Protein chains: 2
Amino acid sequence: MTPDPIFSDAVLPSWNEGVARSAILDFAHRVTTEGSPDFLPVAERIAVFDNDGTLWGEQPLYVQAKFALDRIKALAPSHPEWRTTQPFKGVLEGDMKAVAAMGEQGLAQIVAASHANNTTEEFETIVRDWIGSARHPTTQRLYTEMVFQPMRELLGFLRSQGFKTYIVSGGGVEFLRPWVERTYGVPPEQVVGSRIKVKYDVRDGRPVLARLPDVDLVDDGAGKPVGIHQVIGRRPVAAFGNSDGDFQMLEWTTSGPGARFGLIVHHTDAEREFAYDRASHSGRLARGLDEAAARRWIVVDMKRDWKVIYPPEP
Amino acid sequence: MTPDPIFSDAVLPSWNEGVARSAILDFAHRVTTEGSPDFLPVAERIAVFDNDGTLWGEQPLYVQAKFALDRIKALAPSHPEWRTTQPFKGVLEGDMKAVAAMGEQGLAQIVAASHANNTTEEFETIVRDWIGSARHPTTQRLYTEMVFQPMRELLGFLRSQGFKTYIVSGGGVEFLRPWVERTYGVPPEQVVGSRIKVKYDVRDGRPVLARLPDVDLVDDGAGKPVGIHQVIGRRPVAAFGNSDGDFQMLEWTTSGPGARFGLIVHHTDAEREFAYDRASHSGRLARGLDEAAARRWIVVDMKRDWKVIYPPEP
């Protein structure tokens, strides 16, 4: 018998040999082998991936938070009142302690001011322009060049095995859709994310979807299975995350019948990326680490399991 | 030059030759011909179809309304109070005037009682059981056998031309997902519809999505472009509907740049199906008829354009 070409060195080349890589290949082999008790029809091969911290970095600050801050600065000339009003004053003066002191309310104000009161087409252009030029504060690389190469390979590998790959992010769905197809090979209709409300309107005979300053779905934690249900409508069979915000997505995915796969990316590489888990302000991971073994979720040790972190410089 | 095989008699065999069939074939030819000014990459070939009145019948009563009434009857033994409380009393006694007298509030109560307070898995089973046995009051055929054969051919034809076909229904998304793949070839993740809220919960260690008696999205009228945006995230290039509840979906779809296609099914066949438009209680069509010509939307005259209405008896 010829070995399944899945088990070739050409597959997942940025992954070191080890438990994580083997578990991925073994799962793919089982669900794609006709006659295997774990065989899955192509239609049921749905895999969901968190974005922040799973497909790209989330340190020292969520990328979308950086987008929001930049957007406030760009809009400031039209809002002179922001110079004396928190949380905007803090944003403009770089006083993040003052912003943090405003708590949830301040965050909501920043999200509304930076994301809403435009049309979906206008916002898409704003995101495209920003993502095409904004750079990471320490590496000075474009954020879209700081995606995790091993995870890109994993997305492509699963698609080669008949999987439909979805992004299920706590980040905003409209912040992701304009660029994820080029970066991850995931089309806009396969992105689930947090969203604000939109309203259909006809302005001067031209229909638009107006973005309102009201949250419609927080696609994080227990909101992830809800977002998955609304958009995908079937339970995934494989889920990939990195923080406790992904816990319920992994739980929902891996509790179904038949073959299931759950994986957590553990950020252990202070040298090449960042090392954080239980105490981190973004991407906190505690319950996932505590329960992964009992739930048979694979924990990727980034430092040990990944040969490289980022794609080669273009 | 060999003619495009699109223009073969084997394509859309249940459609009579005429303006509607020609317009469909011409559109498909233009958007799939490389080098044509109207060529569309496969990724952008998104087509959206209304369900009630477009893919299957909606007379004398919406199918899902019949489902709700049957469900109330099935649950009545556990709800003795319904025997004396409207709108349930009216449903149980077949007194639809009493039900109608309750207006929107009565409808909301019927929807909540018949659709909510179960899990998504339980509801899926309920729908599967009902749709597998319920029959149309006049023809006595299963509802899934009373889909419109010409529209099924159209769905398949567009898919053969690289289109991704979506259902965008005012009906409940969870009422449709369990059976549309078999009936229309549309997978659950390509269904947009009205929905109630769901909440993630872990019961006795088993995760569930609980269906709550609160409306989350009414995917009808101006709600259709909203549902399309939430789930698909790009503007479709072709839209198919039959009532003014589809007006904004057609408007949104056909207002975009490049090649666009809008089509309205006009129910003109009292003999083989039903004839109704401006005065109908379900599937009212007035504005669409008034504005179709100016908007270059194709109006299908069911009696003239369709050779058959339903698939052959199995």
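Residues numbered from 1 in each chain as written. Chains lettered and ligands numbered in written order. Predicted model: local features only at pLDDT ≥ 70, side-chain atom pairs only at ≥ 80, totals over all residues. Heavy atoms only, no water.

K.L.:
Is there a simple way to think about the side chain of B:Arg211 in this case?
P.N.:
All names here are of chain B. Along the polypeptide, Arg-211 turns up in strand E5 (residues 206-217). Within the structure, Arg-211 has its side chain in polar contact with the backbone oxygen of His-115 (distance 3.0 Å). Every residue in contact with Arg-211, bar those within four places of it in the chain, is listed here: His-115, Ala-116, Asn-117, Asn-118, Thr-119, Thr-120, Phe-123, Glu-174, Ile-196, Lys-197 and Val-198. (Helix = DSSP H or I, 4+ residues; strand = E, 2+ residues; numbered from the N terminus. Polar contact = N/O pair within 3.5 Å; in protein donor to acceptor, adjacent residues only side chain to side chain. Contact = heavy atoms within 4.5 Å.)

K.L.:
It is not clear to me how the environment of A:Ser22 should be interpreted in this structure. Could you clarify?
P.N.:
Residues and elements named next belong to chain A. Its place among the elements puts Ser-22 in helix H1 (residues 19-32). The exposure class assigned to Ser-22 is partly exposed, which follows from its relative accessible area of 43%. Sequence separation between Ser-22 and Val-308 is 286 residues; the distance between their C-alpha atoms is 18 Å. (Buried < 20%, exposed > 50% of the residue type's maximum accessible area, 1.4 Å probe, protein only.)

K.L.:
Mind showing me how you'd approach the pairing of strand E3 (residues 164-172) of chain B here?
P.N.:
All names here are of chain B. The buried fraction of E3 is high, at seven of nine residues. Where strand E1 (residues 46-49) meets E3, four bridges bridge the pair, whose relative direction is parallel. The residue bridging Val-48 from the neighbouring strand is Tyr-166, located in E3. (Pairing = 2+ DSSP bridges.)

K.L.:
Would you mind showing me how to read the sheet that holds strand E8 (residues 298-301) of chain B here?
P.N.:
Each strand in a sheet pairs with its neighbour through backbone hydrogen bonds, running either in the same direction (parallel) or in the opposite one (antiparallel). Residue and element names in this part refer to chain B. Strand order in the open sheet made by the eight strands is E2-E5-E4-E3-E1-E6-E7-E8, with mixed pairing throughout. The two strands at the open ends of the sheet, each matched to only one other strand, are strand E2 (118-119) and E8. In this structure, E2 lies alongside E5, joined through two bridges in antiparallel fashion. Among the inter-strand pairings, Thr-119 is bridged to a residue of E5, identified as Ala-210. Docked against the sheet, helix H11 (residues 247-254) engages E1, E3, strand E6 (238-241) and strand E7 (261-266), running at close to 165 degrees with respect to E6. (Axes fitted to C-alpha atoms, helices over the stretch in contact; angles between N-to-C directions.)

K.L.:
Sorry if this is basic, but what is going on with the packing of aromatic side chains here?
P.N.:
Note on aromatic pairs: each is described by the distance of the centres and the angle between the planes. Applying the stated criterion across every chain, the model contains 36 aromatic pairs over all chains. Arranged with centres 4.5 Å apart and planes meeting at 10 degrees, the rings of A:Trp82 and A:Phe88 form a pair that is stacked. Note on accessibility: A:Trp82 and A:Phe88 belong to one class, buried. Summarising the aromatic geometry, the rings of B:Phe148 and B:Trp306 are spaced 5.5 Å apart at their centres and angled 50 degrees between planes, so their arrangement reads as tilted. Here the residue B:Phe148 occupies a position in the loop between helix H6 (120-131) and helix H7 (149-160), and B:Trp306 occupies one in the segment after helix H13 (302-305), the gap between them amounting to 158 residues. Considered together, B:Phe148 and B:Trp306 belong to a single accessibility category, that of buried residues. Between the NZ or CZ atom of A:Arg235 and the centre of the ring of A:Trp252, over which it lies, the distance is 3.7 Å. (Phe/Tyr/Trp six-rings, centres within 6.5 Å; stacked < 30°, edge-to-face > 60°. Lys NZ or Arg CZ within 6 Å of the ring centre and 35° of its normal.)

K.L.:
Even after reading the chapter, I still don't get the interface of chain A and chain B, so can you show me in this structure?
P.N.:
Put simply, an interface is often sized by how much accessible area is lost when its parts join up. Counting residues at the interface gives 35 residues for chain A and 35 residues for chain B. Contact with chain B buries area across many residues of chain A, yet A:Glu189, A:Tyr200 and A:His229 alone supply 22% of it, more than any other trio. At the junction of chain A and chain B, the tally comes to eight salt bridges. In this structure, A:Arg234 engages B:Glu181 in a salt bridge whose closest nitrogen and oxygen atoms are separated by 3.7 Å. Run the count over chain A and chain B and you get 19 residue pairs in polar contact (both at pLDDT 80 or more). (Buried area = accessible area lost by both parts, 1.4 Å probe. Salt bridge = Lys/Arg side-chain N within 4 Å of Asp/Glu carboxyl O.)

K.L.:
Whenever I open this one, the relation of the copies chain A and chain B confuses me. Can you help?
P.N.:
What relates the pair of chain copies is a rotation about an axis plus a shift along that axis. Mapping chain A onto chain B is achieved by rotating through 180 degrees and translating by 0.0 Å along the same axis, at an RMSD of 0.0 Å. What the superposition gives is, in effect, a two-fold axis relating one chain to the other. Measuring from the rotation axis to each C-alpha of chain A, the shortest distance belongs to A:Val231, at 2.7 Å. Taken as a fraction of all interface residues of chain A, those also at the interface in chain B reach 100%, which identifies the copy contact as same-surface. (Least-squares fit on C-alpha atoms with pLDDT ≥ 70 in both.)

K.L.:
Help me understand the packing of helix H2 (residues 63-75) of chain A against helix H5 (residues 103-115) of chain A, please; the structure alone is not making it clear to me.
P.N.:
Packed helix pairs are specified by the crossing angle of their axes together with the interaxial distance, meaning the distance between the axes. Residues and elements named next belong to chain A. The contact between H2 and H5 brings their axes to 9 Å, and the two run at 65 degrees. It follows from the interaxial angle that H2 and H5 lie roughly perpendicular. As for the relative orientation of H2 and H5, their crossing is left-handed in sense. Contacts between H2 and H5 involve Gln-64, Phe-67, Ala-68, Arg-71, Ile-72 and Leu-75 from the first element and Ile-110, Ala-113, Ser-114 and His-115 from the second. By residue class, the composition of the contact of H2 with H5 is six nonpolar, three polar and one charged. (Parallel < 35°, antiparallel > 145°, perpendicular 65-115°, else oblique. Left-handed = near helix turned anticlockwise from the far one by under 90°. Nonpolar A, V, L, I, M, F, W, Y, C, P; charged D, E, K, R; others polar.)

K.L.:
For this particular structure, what's the right way to read the packing of helix H10 (residues 223-231) of chain A against helix H11 (residues 247-254) of chain A?
P.N.:
Residues and elements named next belong to chain A. Across the interface, H10 lies against H11 with an axial gap of 7 Å and an inter-helix angle of 55 degrees. It follows that H10 is oblique to H11 by the angle criterion. From H10, Lys-224, Pro-225 and Ile-228 reach across to H11, where they touch Gln-248, Met-249 and Trp-252. Tallied by class, residues from the contact of H10 with H11 come to four nonpolar, one polar and one charged.

K.L.:
What's the story with the pattern of salt bridges in this structure? I'm lost.
P.N.:
It is possible for side chains of opposite charge to pair when their charged atoms get near one another. Under the definition given, this model contains 50 salt bridges over all chains. For A:Lys197, the salt bridge identified is with A:Asp216, shortest N-O distance 3.3 Å. Here A:Asp216 lies in strand E4 (residues 206-217) and A:Lys197 lies in strand E3 (residues 191-203), a separation of 19 residues in the sequence. Overlapping salt bridges bring together A:Lys164, A:Arg234, B:Glu181 and B:Glu189 as one network.

K.L.:
Would you take a moment to explain unusual backbone geometry for this structure?
P.N.:
Outside of glycine, negative phi angles account for most residues, and trans bonds account for most peptide bonds. Residue and element names in this part refer to chain B. The omega torsion of the bond from Gln-59 to Pro-60 falls at 0 degrees, within 30 degrees of zero and hence cis. Looking at where Pro-60 falls in the secondary structure, it is placed in the loop between E1 and helix H2 (63-75). The backbone of Leu-12 sits at a positive phi, close to 50 degrees, despite the residue not being glycine. Along the polypeptide, Leu-12 turns up in the segment before helix H1 (19-32). Its identity is not glycine, yet Asp-204 carries a phi of approximately 50 degrees, on the positive side. Within the element layout of this structure, Asp-204 appears in the loop between strand E4 (191-203) and E5. Here Asp-204 falls in the exposed class, since its relative accessible area comes to 84%.

K.L.:
Sorry if this is basic, but what is going on with the environment of B:Thr33 here?
P.N.:
Residue and element names in this part refer to chain B. Inspection of the secondary structure puts Thr-33 in the loop between H1 and E1. According to the relative accessible area criterion, Thr-33 is partly exposed, its value standing at 27%. Put simply, Thr-33 and Asp-4 are 29 residues apart on the chain and 9.1 Å apart in space, counted from C-alpha to C-alpha. The residues touching Thr-33, leaving out its near neighbours within four places in the chain, are Asp-4 and Phe-39.

K.L.:
Would you mind going over the sheet that holds strand E6 (residues 261-266) of chain A with me for this structure?
P.N.:
Strand order in the open sheet formed by seven strands is E4-E3-E2-E1-E5-E6-E7 (chain A), with mixed pairing between adjacent strands. Of all the strands in the sheet, the pair left with one neighbour each is E4 and strand E7 (298-301) of chain A. Between one strand axis and the next, the sheet turns through 30 degrees on average, direction left out of account. Relative to E3(A), strand E2 (residues 164-172) of chain A runs parallel, the two being bridged by four bridges. Bridge pairing in E3(A) places A:Gly172 opposite A:Ser194. Of the strands in this sheet, E3 and E4 of chain A touch helix H10 (residues 223-231) of chain B, which is tilted by about 150 degrees from E3(A).

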